[in-house]
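Notes for the structure review
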Amino acid sequence: MGRISAAAAFSCVDSQVCVLSGLNQSHLSNLAKNPFKIFLLYINAYFKITFINFLPLFLMEVLEDPCSLRASRMGGSALCLPWITSWAGLDGAAPAVGGSGVAGSTNHPGERRERGVRASPCDCTMPLARRTGQIPESTWIFSFREMTEPWKGAVGCLGVAIFFAMTIGIISWQALEQSPEEWVLRGRAGGMLWERRRGALLLRALPAGRTVAVITVGGVPAAEPPPPRDHCWHDGGQFCYAWEEDAELRLSLEPPPAPGTECYGVRWTPLRPDVTLKNCFSMVNVSWYGGASVRAQRWPLNGAESHAQPFVSGDFGKNPAGYGPVLERYFLGSTGVTVTVASDVPLFLSLESNSHFCLGTPAGTAVPLRYLLCVSPDVAAAHRHVGSQLARQARALPDTTLLGSPIWWYYGPEGSAAKIKRGLRSLAKRLKRHHLQEGVLALRERGTTVLAAADHMPSERRKRHNSTHAWDPSLIKPLQLSITLSPYTSIASPLFLRSLRDGEVASYWLSLQPQSGGCSVPLLTTWKGRLCARLNVTSEVALSWYLARAQRLRQALGATYMVFEGAEGNAFLEQAVPPPTELVGDRYTEALAAALATLGNTTVISAGAGSSHLPLFVQMSLLRSDWSHAGLKGVIPSVLHYSLLGYNFFIPDAVGGSLASDTPGDPELYVRWLQIVTFLPVMAFSTPPWLCCDAWVVNLTQQCIQRHRDFVVPLLIKYSEEWLRLGYPIFRPAWWLSPTDPTAFIIEDEFLIGDEVLVAPITEKGQTWRDIYLPGEGHLWMDTNTARVFDGGTVLRNYSVSPAEVPVFVKTS
């Protein structure tokens, strides 16, 4: 047989060879490169055709089929059954014989009668492509008829064996030697492929051909071969495929957010309620950022661990294994890929350390899993093009005067209003004595409640109870006052009991709606150890009442700032109750944040989800007083996480941590914590330096506060303008200036303020040296402590740092 050209392979799509060999268009490009494989293909098809024609004849000859014998007596025995089966097997296409085709041939009934072939009930002949008299005699069939029965069986078995051997060979070649990947959707800057072995989608950047994301598929038969047929073939910008009775996949090219970035819409739709969809994004050779905050925050997320649970903000005090108070449905990969999940998808997230993170939908809901995949040249460009535009609304700044005002949390007794007033005056005097009199005195929720209750007493009772100790905000001047509220109320409070008596529970508090008739039942939950009801933020009546109450309280106590705790979490999911549509996911947090923003830009909230554009400060979660990632080591990863998601104006936990540890009162921990907080938006203290440390730490605190005001605050205001305009984070990771350097992807103990200041503090106990990565190849960095200049894109090994210093570098070029 001669050499078969590539053109021959491509021309056989609709021919017998392709039909009988099970090939489609996607296989032909591989065939064209190997003529030997084309030869095997044709041999296989030839044996299939021969077997289809030969086997019926063989069986009829052995079994002496009457039709065969009658046709033999009519003189057409050699041609009856083989050509009949050939016509039937090839969908009515008559094969060429002796080099002649079917075109132009005729066949009339009269011509058949001239040759004595009469129609009969057993006549198996069909119209031939030429006159029967022109067909040469097939002597090998007569010889075969003369064989003995054993020889006939042997020849038949040989044909069957060759047929099956060739079929198995072709199948093996298709399964083992064929490319394991297949393009399913292709754009200009990249495309999506299906990988057979793992049952995974691959996102690949072009023209380099590098794989930027590997997405393994769960909930459908992942081991099934790649989609052989595009159901959306008529639309070049889409790809569709359905796993029968399981799920449907739809990929689509989406409008790019910026030049150089390409986006793909991914939609998985379950076809049965019991199908649970899950897409897992590999962490192999990819560092991931964003998503949810966790108890021991990591940067990148690769080191975090979490079981599959609803992607909803939460309180670590209630659920230490859950997700934290700030999250967004946005994930950023170091390869320049972003994943943005639709806001209306009931999402589950799991994190498996250094392996993958998985997005999924809850079981039994049959809800589609939808997200947007985008690929950019590098990680910094990806965030500039996609992540910086998450808010999609005009941004507004909170009160920037708080940036230069340290917060001093009141730590005294709270048993009565008199004790709180004496404690506040005493703390103000101590701060003045140490020249720390400028800032904010902050009351926690219990102190605010006690002081507010005393202030709202009837005038006669107030005079009898405490006539000489009325609260006067001027007693703590120039310090300002901050109070703390929450959307919870105790079920024993007069407020809740009155709403219960008046039948207005559902109007003011989250409630369970009855199945049929009856009264609404308040949805009770715990808050700081008490059984409470939670404000109904979907009720205009409840929101108006709550905001008016907060305003009155602020005016009565002379407070400048208000902190609102308890904004995070979904009370329905905590009770394993399906939430109403208007409160799915984090819509409670979003609605409450939007309402609190109307109180002005001096408001602080404890959670953030879809609210980064609002003029609110965000209070960070409490941390342990230790050196772990749940303590000091978690500060910088939390800073980078908050800022990446758009929450640049946050209040970190108090210096030294607020949660007790096994080693309380560690002066070194206090100093290292103080050095980090100096370069953050707001400095907060719960333990004054004179209670934990020596006098030199008090002096260091004074210096750090002054440095914060003189050096850090102007930087923050400068880059806040950039955030307003472009959405870029103020606190930036090292890869912001080195977006292609793998070393920068895993640095979690340094951060940039804008593009010009690098802070590299000590986070290890007892260390007076550390390695420092200087990002930005081609830039120069000057150490503000020594005035030494170093090249960017390098690592300073074992860089010496004294206990009273923090390494700070300023970019000089």
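Residues numbered from 1 in each chain as written. Predicted model: local features only at pLDDT ≥ 70, side-chain atom pairs only at ≥ 80, totals over all residues. Heavy atoms only, no water.

1. Quick word on the overall build of the chain
Counting its secondary structure elements, the chain contains 23 helices and 36 strands. Within the chain, buried positions represent 52% of all 813 residues. If you take every contact in the chain between residues at least 6 apart in sequence, the share linking residues at least 24 apart comes to 66%. For the chain, the exposed surface amounts to about 36000 Å²; the carbon and sulfur share of it is 56%. (Helix = DSSP H or I, 4+ residues; strand = E, 2+ residues; numbered from the N terminus. Buried < 20%, exposed > 50% of the residue type's maximum accessible area, 1.4 Å probe, protein only. Contact = heavy atoms within 4.5 Å. Areas by Shrake-Rupley, 256 points an atom, 1.4 Å probe, with all protein chains shown as cover.)

2. Things to note about the packing of aromatic side chains
Under the counting rule described, the total for this entry stands at 29 aromatic pairs. Where phenylalanine 311 meets tyrosine 323, the ring centres are 6.2 Å apart and the plane angle is 55 degrees; that geometry is what we call tilted. Placement of the pair is phenylalanine 311 in the loop between strand S10 (306–310) and strand S11 (327–333) and tyrosine 323 in the loop between S10 and S11, with a sequence separation of 12 residues. The buried category is assigned to tyrosine 323, whose relative accessible area is 2%. Taking 4.7 Å as the distance between ring centres and 20 degrees as the angle between the ring planes, the aromatic pair formed by phenylalanine 331 and phenylalanine 357 counts as stacked. A residue pair is termed long-range when its members are at least 10 positions apart, and phenylalanine 331 in strand S11 and phenylalanine 357 in strand S14 (residues 356–360) qualify at 26 residues. One aromatic cluster in this structure is built from Phe281, Trp288, Phe311, Tyr323, Phe331, Phe357 and Tyr371. (Phe/Tyr/Trp six-rings, centres within 6.5 Å; stacked < 30°, edge-to-face > 60°.)

3. Let's talk about the environment of leucine 645
Following the sequence through the fold, leucine 645 ends up in the loop between helix H19 (635–644) and strand S27 (650–651). For leucine 645, a relative accessible area of 2% corresponds to the buried category. For the pair formed by leucine 645 and serine 612, sequence separation is 33 residues and the distance between their alpha carbons is 7.6 Å. Apart from the residues lying within four places of it in its own chain, the contact partners of leucine 645 are Gly290, Gly291, Val326, Leu327, Glu328, Tyr330 and Ser612.

4. Focus on helix H18 (residues 587–596)
Among the residues of H18, Tyr588, Thr589, Leu592, Ala593, Ala595 and Leu596 are the ones counted as buried. The arc that holds the buried residues of H18, viewed along the axis, is 160 degrees, so those residues lie on one side. Its buried side turned inward, H18 meets strand S23 (530–534), helix H16 (540–557), strand S24 (561–564) and strand S25 (603–605). (Arc of directions from axis to C-beta.)

5. Things to note about the state of the cysteines
This structure, assessed with the given rule, holds 3 disulfides. Covalently, cysteine 280 is tied to cysteine 358 through a disulfide, its sulfur atoms 2.0 Å apart. Every disulfide takes its handedness from the sign of the S-S torsion; for cysteine 280 and cysteine 358 that torsion is 105 degrees, giving right-handed. Here cysteine 280, found in strand S8 (residues 278–282), pairs with cysteine 358, found in strand S14; they are 78 residues apart in sequence, far enough to count as distant. Each member of the pair cysteine 280 and cysteine 358 is classed as buried. In this model, cysteine 692 is linked to cysteine 693 through a disulfide, with the two sulfur atoms separated by 2.3 Å. One disulfide, between cysteine 692 and cysteine 693, carries an S-S torsion of -80 degrees and so falls in the left-handed class. Accessibility expressed as a relative area gives 13% for cysteine 693, which makes it buried. (Disulfide = S-S within 2.5 Å.)

6. With respect to the pairing of S23
Bridge count for strand S19 (residues 488–490) against S23 is 3 bridges, and the pairing is antiparallel. From the neighbouring strand, tyrosine 488 faces S23, where its bridge partner is arginine 534. Direction of pairing for strand S22 (residues 524–527) relative to S23: antiparallel, over a ladder of 4 bridges. Residue pairing across strands places threonine 526 opposite leucine 531, the latter belonging to S23. Between S22 and S23, which pair antiparallel in sequence order, lie 2 residues; one of them, lysine 528, sits at a positive phi of approximately 55 degrees. (Pairing = 2+ DSSP bridges.)

7. Regarding the sheet that holds strand S29 (residues 731–732)
Taken in spatial order, the 6 strands of this open sheet run S29-S30-S31-S36-S33-S34, and their pairing is antiparallel. Strand pairing shows two members of the sheet lacking a second neighbour, S29 and strand S34 (789–791), which therefore form its edges. Across 3 bridges, the pairing between strand S30 (residues 751–753) and strand S31 (residues 757–759) is antiparallel. Each bridged residue has a counterpart across the sheet, and for leucine 752 the counterpart in S31 is leucine 758.

8. Here's the deal with the side chain of arginine 732
By secondary structure assignment, the location of arginine 732 is in strand S29. Polar side-chain contacts of arginine 732 include one of 2.7 Å to the side chain of aspartate 755. In contact with arginine 732, not counting residues within four places along its chain, are Leu640, Tyr719, Glu722, Phe751, Leu752, Gly754 and Asp755. (Polar contact = N/O pair within 3.5 Å; in protein donor to acceptor, adjacent residues only side chain to side chain.)

9. Concerning the sheet that holds strand S2 (residues 190–195)
Strands sit in the order S1-S2-S3-S4-S8-S14-S13-S10 across an open sheet of 8 strands; the sheet is antiparallel. Unpaired on one side and paired on the other, strand S1 (181–186) and S10 mark the two borders of the sheet. For this sheet, the mean angle separating the axes of adjacent strands, direction not counted, is 20 degrees. Sheet topology places S8 next to S14; 5 bridges connect them, and they run antiparallel. Following the sheet pairing, serine 282 is matched in S14 by histidine 356. (Axes fitted to C-alpha atoms, helices over the stretch in contact; angles between N-to-C directions.)

10. Re the pattern of salt bridges
For side chains bearing opposite charge, pairing can occur when the charged atoms are close. In this structure the tally under the stated criterion is 20 salt bridges. The salt bridge partner of glutamate 574 is lysine 318, with a shortest N-O separation of 3.7 Å. Placement of glutamate 574 in helix H17 (residues 571–574) and of lysine 318 in the loop between S10 and S11 is noted, with a sequence separation of 256 residues between them. In this structure, arginine 624 and aspartate 626 form a salt bridge, with 2.9 Å as the shortest nitrogen-oxygen distance. (Salt bridge = Lys/Arg side-chain N within 4 Å of Asp/Glu carboxyl O.)

11. Regarding the side chain of threonine 484
The residue threonine 484 is located in strand S18 (residues 480–485) in this model. Classification of threonine 484 by relative accessible area gives buried; the value is 0%. At 2.6 Å, the side chain of threonine 484 forms a polar contact with the backbone oxygen of leucine 443.

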